[in-house]
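Structural overview for review
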Amino acid sequence: MCNSLTPKAYRAPGTDGSGKQGYPPAPEPLPVPVMDNHTHLDYPGADPQVELGAALDAAEAVGVRGAIQVGTDLESSRFTVRAVDLDPRLLGAVAIHPNDAPDYARRGELEAALREIEELAAHPRIRAIGETGLDFFRTDGEGLVHQRYSFRRHIDIAKRLGLTLQIHDRDAHDDVVQVLREEGTPDRVVFHCYSGDEDLARICNREGWFMSFAGTLTFKNAANLRASLAVADPELVLVETDAPFLTPHPHRGRTNASYMVPYTVRAMAELTDSDLAGLCSRISENTVRAYGSWE
C-alpha cells in the first residue's frame, strides 16, 4: 500500500560498532501479528526518507499489522491526524511532549497549543493523548512547573474525551504516580517505553495501567526492565519501538522502525518462558483493549 504522505523522519544516525548506519535487516516474522503501540514516523532529519506506506508494508511483512503514530508537538500531531486518514494500519496519539511544554509556555503559546491538541484529538482514529508526563532527565527548575501543569491538562483532556493516556516517564516514577492519583485517570493508561522497576510494575498491576516494553528490554544494563516484566500482569503488557530510537539488541545504535518489533517480542517470550504465538496473541488482545480496534 502506498500513499502520498512522506515522513520527514525516520533515522536516528548511529552505529552498532561495525560502522553500519541506517536500517538493520528484517527479523523472522512473528507467528501471530501484533501492533507497535508507539512510533514516530515523522521524526525530523531522517535519511533515508521512508514513505509511509512502505514503512507499514515492511512492518506487516514480519507480523506487525498496525501501529500508533505519536505526536509530540503541534507539527507532529497535525502530521499524525493526516497520517491516520491515509493508511488504515495507523491509529494516532497527539500531545505536547513534557520537554516541549516549557518552551511553549515561555513563548506564551501553551494554552493555545493545548486547545489545538484537544481539537485534533476529536478525530475518530486518534485514540490516545500522549505522549505526556514528566521528564526529570532533560527538564529541571522552572521548566518542571510548566511540565506538571501540561501533564495535568493532558490528563483532563483524555478523561473528557474518553481517550487512552500515554505516559512519558523518565526519572520521575513517584511523581508521575502522584499526579495520576491526584488528578484521577482515564479508563486506560499506558506507561510508554516502560522504564520503572518492580515496585512501579506492581503499582501498575494494582491500578490496571498498561506497561509497554520497548527495545530497551534487550539492553545489557536493563535488569530493572526484565525484573519488571517478570512481575507484570500479562494482561497489561504491550510492545513498542519508540522508533526511530531504542533499536533492540543485536542492532542497538542503528535506526529503529516498526518492523523491528519481533526482536523485542521474542526477548519477552524468552524472559517469561512463554509460548511465542501465545504471547503474540496476548499482546494483540491487550493492544486492542488499550486503544480499540484498527478496523
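Check the entry above for the structure.
Here's what I pulled together on the structure shown here. (Residues numbered from 1 in each chain as written. Predicted model: local features only at pLDDT ≥ 70, side-chain atom pairs only at ≥ 80, totals over all residues. Heavy atoms only, no water.)

Overview of helix α5 (residues 142-161)
What counts is decided by this rule: Numbering goes from the N terminus for both helices and strands, where a helix is a DSSP run of H or I of at least four residues and a strand is a run of E of at least two. One less than the residue count of a helix, multiplied by 1.5 Å, gives the span that helix is expected to have. Each residue's exposure class comes from its accessible area (1.4 Å probe, protein chains only) as a fraction of the maximum for that residue type: buried when under 20%, exposed when over 50%, partly exposed otherwise. By definition, residues are in contact when any of their heavy atoms lie within 4.5 Å.
Under the 1.5 Å per step criterion, the end-to-end length of α5 is 29 Å for 20 residues, consistent within 8% with the ideal 28 Å. Burial in α5 covers these residues: Gly143, Leu144, His146, Gln147, Ser150, Phe151, His154, Ile155, Ile157 and Ala158. Here the buried face of α5 lies against α3 (101-106), α4 (110-120), β4 (126-135), β5 (164-170) and α6 (173-183). Where α5 terminates, the next one or two residues include Gly162, which has phi positive at roughly 70°.

Some details on the side chain of Asp36
To keep it simple, the criterion reads: Charged residues are defined narrowly, with Lys and Arg counted positive, Asp and Glu counted negative, and His plus the chain ends left uncounted. The term salt bridge refers to a side-chain nitrogen of Lys or Arg lying within 4 Å of a carboxyl oxygen of Asp or Glu. The term polar contact refers here to a pair of N or O atoms within 3.5 Å; inside protein, the definition further demands a hydrogen-donor-capable atom paired with an acceptor-capable atom, and it admits residues adjacent in sequence only when both atoms are side-chain atoms.
By the secondary structure assignment, Asp36 is in strand β1 (residues 34-39). Although buried, Asp36 forms no salt bridge, and the nearest oppositely charged side chain, Arg89, lies 12 Å from it. Engagement of the side chain of Asp36 in a polar contact is seen with the side chain of Thr241, the distance being 2.6 Å. In this structure the side chain of Asp36 is engaged in a polar contact, spanning 2.7 Å, whose partner is the side chain of Ser258.

A closer look at the sheet that holds strand β6 (residues 189-191)
Convention followed: Two strands are counted as paired when DSSP detects at least two bridges linking them. Angles here are taken between N-to-C directions and fall from 0 to 180 degrees, while the axes themselves are lines fitted to C-alpha atoms, restricted in helices to the stretch in contact.
Taken in spatial order, the 8 strands make up an open sheet running β1-β2-β3-β4-β5-β6-β7-β8, and their pairing is parallel. Since the sheet does not close on itself, it has two edges, and those belong to β1 and β8 (237-239), each with one partner. When the angles between neighbouring strand axes are averaged without regard to direction, this sheet yields 30°. Taken together, the 6 bridges between β4 and β5 define a ladder with parallel strand orientation. Bridge pairing in β5 places Ile129 opposite Leu165. Contacts from helix α2 (residues 74-86) reach β2 (64-70), β3 (90-94) and β4 within the one sheet, and its direction differs from that of β3 by about 160°. The strands touched by helix α9 (residues 261-271) within the sheet are β1, β2, β7 (210-213) and β8, with β8 carrying the most contacts at an inclination of about 150°.

Geometry only, nothing functional implied.
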